[in-house]
Amino acid sequence: MATERTFSILKPDATRRNLTGTINAVFEENGLRIVAQKRIHMSRAQAETFYGVHRERGFFNDLVGFMTSGPVVVQVLEGEDAVAKHREIMGATNPANAAEGTIRKMFAESIEANSVHGSDSAENAATEIAYFFAGTDIVG
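Since the model is a prediction, treat every value here as computed from it, not as a measurement. (Residues numbered from 1 in each chain as written. Predicted model: local features only at pLDDT ≥ 70, side-chain atom pairs only at ≥ 80, totals over all residues. Heavy atoms only, no water.)

Glancing now at the pairing of strand 3 (residues 72–80). Put simply, side chains in a regular strand alternate between the two faces of the sheet. The element strand 3 is largely enclosed, with a buried count of 8 among its 9 residues. With 8 bridges joining them, strand 1 (residues 3–10) and strand 3 adopt antiparallel strand pairing. Pairing of E4 across the sheet is with G79, part of strand 3. Relative to strand 3, strand 2 (residues 33–40) is paired through 7 bridges, and the arrangement is antiparallel. Note that in strand 3 the partner of R39 across the bridge is V73. (Buried < 20%, exposed > 50% of the residue type's maximum accessible area, 1.4 Å probe, protein only. Helix = DSSP H or I, 4+ residues; strand = E, 2+ residues; numbered from the N terminus. Pairing = 2+ DSSP bridges.)

Structure below.
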């Protein structure tokens with residue numbers, strides 16, 4: 001197993017309910033370290049670019065609207081097989097299908113308001129990290 005980095009967003013539904021510390025504690029208890037973090041209010045342009053891969057899908061405008069509806073916490077997590085570990089901790093996108101003890105099972109309000117976003121591959125993690133952070137922002 002290799003130490004790697006992944007990208008994480010605590011979505012507006014999570015920040016609205018003051019779950020930032022609670023969710024991050026779950027990541028840390030499962031061996032992931034937060035090596036960069038900031039709270040931002042994503043602009044429409046940022047969200048459209050970040051989620052551009054979904055531009056042609058029917059949910060794109062709703063997704064952008066939701067992600068710009070309030071503050072989010074963007075962060076870089078580091079650990080052994082961080083991408084897979086983070087995805088396992090988050091649980092299935094649809095909270096109804098998420099395993100017990102996962103973040104989405106515990107905290108999601110809906111498929112859209114599912115509290116967290118995580119990179120789906122090491123390659124996408126690198127791209128997503130670079131979108132929000134300069135290399136000097138990451139302190140491991």
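Having put the structure on the table, let's press on.
It is worth spelling out the environment of Q46 at this point. Its place among the elements puts Q46 in helix 3 (residues 44–50). For the pair formed by Q46 and F132, sequence separation is 86 residues and the distance between their alpha carbons is 9.5 Å. Contacts of Q46, omitting those with residues within four sequence positions, involve H41, Y131 and F132. (Contact = heavy atoms within 4.5 Å.)

To continue, consider the sheet that holds strand 3. Taken together, the 4 strands give an open sheet; going across it, the order is 2-3-1-4, and neighbouring strands pair in antiparallel fashion. Either end of the sheet is taken by a strand with one partner, and the two such strands are strand 2 and strand 4 (116–118). Averaged over all neighbouring strand pairs, the angle between strand axes comes to 20 degrees, with direction disregarded. Here helix 2 (residues 20–29) sits on the sheet in contact with strand 1, strand 2, strand 3 and strand 4, set at roughly 160 degrees to strand 1. Here helix 5 (residues 82–90) sits on the sheet in contact with strand 1, strand 3 and strand 4, set at roughly 35 degrees to strand 1. (Axes fitted to C-alpha atoms, helices over the stretch in contact; angles between N-to-C directions.)

The next point concerns the packing of aromatic side chains. The full count for this structure, using the stated rule, is 6 aromatic pairs. Residues F50 and Y131 carry aromatic rings whose centres are separated by 5.8 Å and whose planes lie at 45 degrees to one another, so their mutual orientation is tilted. Pair noted here: F50 is in helix 3 and Y131 is in helix 7 (residues 122–132), with a separation of 81 residues, a long-range link. Residue class for F50 comes out buried when judged on its relative accessible area of 12%. Members of the aromatic cluster, joined through ring pairs, are F7, F50, Y51, Y131 and F132. Lying over the aromatic face of F133, K38 brings its terminal NZ or CZ to 4.9 Å of the ring centre. (Phe/Tyr/Trp six-rings, centres within 6.5 Å; stacked < 30°, edge-to-face > 60°. Lys NZ or Arg CZ within 6 Å of the ring centre and 35° of its normal.)

So, on to unusual backbone geometry. One non-glycine residue, D81, adopts positive backbone phi at about 45 degrees. Here D81 falls in the partly exposed class, since its relative accessible area comes to 26%. Its identity as a non-glycine residue notwithstanding, S115 has a phi of 75 degrees, on the positive side. Inspection of the secondary structure assignment puts S115 in the loop between helix 6 (103–107) and strand 4.

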